[in-house]
Protein chains: 2
Amino acid sequence: MQPPISSIMASHEIELLAQSLARLPGLGPRSARRAVLHLLKRRETALIPLLRALESVTENLATCDSCGNVDTTNPCGICDDPRRDVRMLCVVEDVSDLWALERSRLFPGKFHVLGGRLSALEGIRPEDLNIPRLFSRIADGGIDEIVLAMNATLEGQTTAHYIAERLESTPIRITQLAHGLPVGGELDYLDDGTLAQALRARRPMS
Amino acid sequence: MQPPISSIMASHEIELLAQSLARLPGLGPRSARRAVLHLLKRRETALIPLLRALESVTENLATCDSCGNVDTTNPCGICDDPRRDVRMLCVVEDVSDLWALERSRLFPGKFHVLGGRLSALEGIRPEDLNIPRLFSRIADGGIDEIVLAMNATLEGQTTAHYIAERLESTPIRITQLAHGLPVGGELDYLDDGTLAQALRARRPMS
């Protein structure tokens, strides 16, 4: 059992730093202490660079007025990128989903970040999300396909269906990410929901 | 396989922050990205507090002229604490060792941080460490006992023996941390070195 971090006999400033770091996902009190020691011992090569990086992000942090992405420019780097295919729009729940898709480098179009998902339980309605802006963006024209890349959760799928229904009358192609077996997935370990989806969406062998 | 962090399509500033965080012990590229997202989404409650904590530590960071501890004051909080028993001095290799001992709250005296260990292999001599300052501190008088709390490594023990030998002629009591079975240690799983130490230092049942 480790005592709480406040018991280390360091100065108030150092404890505050340890506590701030300990609140980051992936770091607990113990690893935060190790991180603080790492920083204290490397003032020029670790502490100052991290401080400068944080300063620069804090000063410039902005939510993109066009797509809802969080970046240090507005419009964000993706909206501002002329190499992007403006005819394809990928709708995601959160910035973390956008980053996940960007890491795959597979989607050539632009994005739209909803900032959440519809939820009757939590009382989250379309106007609480970045959904009105999505429809006005679509109304501006030029979009051929909308990929609904919601999470495969009940609320994610509810959100996707809501958007798809609202766009039924448009000629835009509405698609969603395929659901089924993940790569390397073994049937024996998969939940019934995934199996059902995979079976329902079965395709002829090519 | 995750692509390198530089492939995320975020701004240069955000990537720099992710890279700075990824260099901290305990965080890799993936958890650094999660930490960055956490910070970006919580500008007021996480990003700014971390920035302020880093600023304050960076501005005030100092190595204690007396004991070699790293703190935001000089002399450090421990050297400056009037409740500490000045007659007992605990010598440690590193600030992390001082923190580990402080967490146990068991040592009532003051500390001296060597900033490393003697090493013939790496050419680290006494004058490369905070050892001359240790002897001048001892020469100032008032110390009854010196606890050599070096790591139980070859170089740690070499360092302890060097210091102990240099102090042979003084009336100061020189002690070292006990070596033996760790709490919960099972003989079957312990290395021969620890077993040998534990056997050699065996004590009568009380």
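Residues numbered from 1 in each chain as written. Chains lettered and ligands numbered in written order. Predicted model: local features only at pLDDT ≥ 70, side-chain atom pairs only at ≥ 80, totals over all residues. Heavy atoms only, no water.

### Details of the overall build of chain A
For chain A, the count of helices and strands is seven helices and six strands. Sequence-ordered secondary structure for chain A, helices as α and strands as β, is α-α-α-β-β-β-α-β-α-β-α-β-α. Over its C-alpha trace chain A gives a radius of gyration of 22 Å, far above what one expects of a compact globule, namely 17 Å for 206 residues. The principal-axis extents of the C-alpha atoms in chain A amount to approximately 65 × 45 × 40 Å. A buried classification covers 46% of the 206 residues belonging to chain A. When contacts within chain A are restricted to residue pairs at least 6 apart in sequence, those whose partners lie at least 24 apart make up 46%. Put simply, chain A shows about 11,400 Å² of open surface, and 53% of that area lies on carbon and sulfur atoms. Considering chain A, the positive charge centre built from 23 side chains and the negative charge centre built from 27 side chains are found 6 Å apart. (Helix = DSSP H or I, 4+ residues; strand = E, 2+ residues; numbered from the N terminus. Rg over C-alpha atoms; globule rule 2.2 N^0.38 Å. Buried < 20%, exposed > 50% of the residue type's maximum accessible area, 1.4 Å probe, protein only. Contact = heavy atoms within 4.5 Å. Areas by Shrake-Rupley, 256 points an atom, 1.4 Å probe, with all protein chains shown as cover. Lys, Arg positive; Asp, Glu negative; His and termini not counted. Charge placed at Lys NZ, Arg CZ, Asp CG, Glu CD.)

### Observations regarding the nonpolar core
Counting residues in each nonpolar core, the largest one holds 72 residues, and the members touching the most others are Leu17(A), Leu21(A), Leu39(A), Leu17(B), Leu21(B) and Leu39(B). Sequence-distant contacts of Leu39(A), defined by excluding residues within four places in its chain, comprise Leu17(A), Leu21(A), Ala46(A), Leu47(A), Leu50(A), Leu24(B) and Leu54(B). (Core = buried A, V, L, I, M, F, W, Y, C linked by side-chain atoms within 4.5 Å.)

### Remarks on helix H6 (residues 154-166) of chain A
The terminal C-alpha atoms of H6(A) lie 18 Å apart, and with 13 residues this matches the ideal 18 Å at 1.5 Å per residue to within 8%. Those residues of H6(A) that are buried are in contact with strand S3 (85-92), helix H5 (131-139), strand S5 (145-148) and strand S6 (173-176) of chain A. (Expected span 1.5 Å × (residues − 1).)

### Focus: the relation of the copies chain B and chain A
Two copies of the chain are present, and they differ by a rotation about an axis and a shift along that axis. Note on the identical chains: chain B maps onto chain A by a rotation of 180 degrees and an axial translation of 0.1 Å, with an RMSD of 0.1 Å. Taken together, these values place the two copies in the relation of a two-fold axis. The C-alpha atom lying nearest the rotation axis in chain B is that of Leu51(B); the distance is 3.3 Å. With an isologous cut-off of 70% or more, the 100% of interface residues of chain B that recur at the interface of chain A puts this contact in the isologous class. (Least-squares fit on C-alpha atoms with pLDDT ≥ 70 in both.)

### Details of the confidence of the model for chain A
Residue and element names in this part refer to chain A. Here chain A averages 89 in pLDDT, while 94% of its residues score no lower than 70. Of all the helices and strands in chain A, helix H7 (residues 192-200) carries the lowest mean pLDDT, 81, while strand S4 (residues 109-113) carries the highest, 96. Every residue in residues 1-8 is under pLDDT 50, and counting partners more than four places away or in other chains gives 18 contacts. (pLDDT = per-residue confidence, 0-100.)

### Regarding the layout of surface pockets
All names here are of chain B. A volume near 370 Å³ is recorded for the largest pocket. In terms of residue count, the dominant contributor to the lining of the largest pocket is helix H4 (residues 95-104) (three residues). Among the residues forming the lining of the largest pocket, the class breakdown is ten nonpolar, two polar and one charged. (1 Å grid on protein atoms, 1.4 Å probe; cavity = no way out; pocket = protein on both sides within 12 Å on 5 of 7 lines; lining within 4 Å. Points joined across faces, edges and corners; volume = space filled by probe spheres on them. Nonpolar A, V, L, I, M, F, W, Y, C, P; charged D, E, K, R; others polar.)

### Here's the deal with the interface of chain B and chain A
The partner chain A presents 55 residues to the 55 residues of chain B that form the contact. For the interface between chain B and chain A, the tally reads two salt bridges. The salt bridge partner of Asp94(B) is Lys41(A), with a shortest N-O separation of 3.1 Å. Seen at the junction of chain B and chain A, the total is ten residue pairs in polar contact (both at pLDDT 80 or more). Taken together, the elements giving at least two residues each to the side of chain B that touches chain A come down to helix H1 (12-22), helix H2 (29-41), helix H3 (43-60), strand S2 (70-71) and H4 of chain B. Per-element accounting of the side of chain B that touches chain A gives the leading share, 13 residues, to H3(B). Counted by class, the side of chain B that touches chain A contains 29 nonpolar, twelve polar and 14 charged residues. (Salt bridge = Lys/Arg side-chain N within 4 Å of Asp/Glu carboxyl O. Polar contact = N/O pair within 3.5 Å; in protein donor to acceptor, adjacent residues only side chain to side chain.)

### Looking at empty space enclosed by the protein
Enumeration according to the criterion identifies one cavity of 30 Å³ or more in this entry. Around the largest cavity, the lining residues are Ser20(A), Arg23(A), Leu24(A), His38(B), Leu39(B), Thr45(B), Ala46(B), Pro49(B) and Leu50(B). Among the elements of the structure, H2 and H3 of chain B are those that each provide at least two residues to the lining of the largest cavity. Tallying contributions element by element places H3(B) first for the lining of the largest cavity, with four residues. The residue inventory of the lining of the largest cavity, partitioned by class, reads five nonpolar, three polar and one charged.

### Side note on the sheet that holds S6(A)
Residues and elements named next belong to chain A. The strand order S4-S3-S5-S6 describes an open sheet built from four strands, whose pairing is parallel. A single partner strand is all that each edge strand has here, and the edge strands are S4 and S6. Averaged over all pairs of adjacent strands, the angle between their axes in this sheet comes to 25 degrees, without regard to strand direction. Looking at chain direction, S3 and S5 are connected through four bridges and run parallel. Counted as the bridge partner of Met 88 is Glu 145 from S5. Across the sheet, H6 touches S3, S5 and S6, and the angle it forms with S5 is around 160 degrees. (Pairing = 2+ DSSP bridges. Axes fitted to C-alpha atoms, helices over the stretch in contact; angles between N-to-C directions.)

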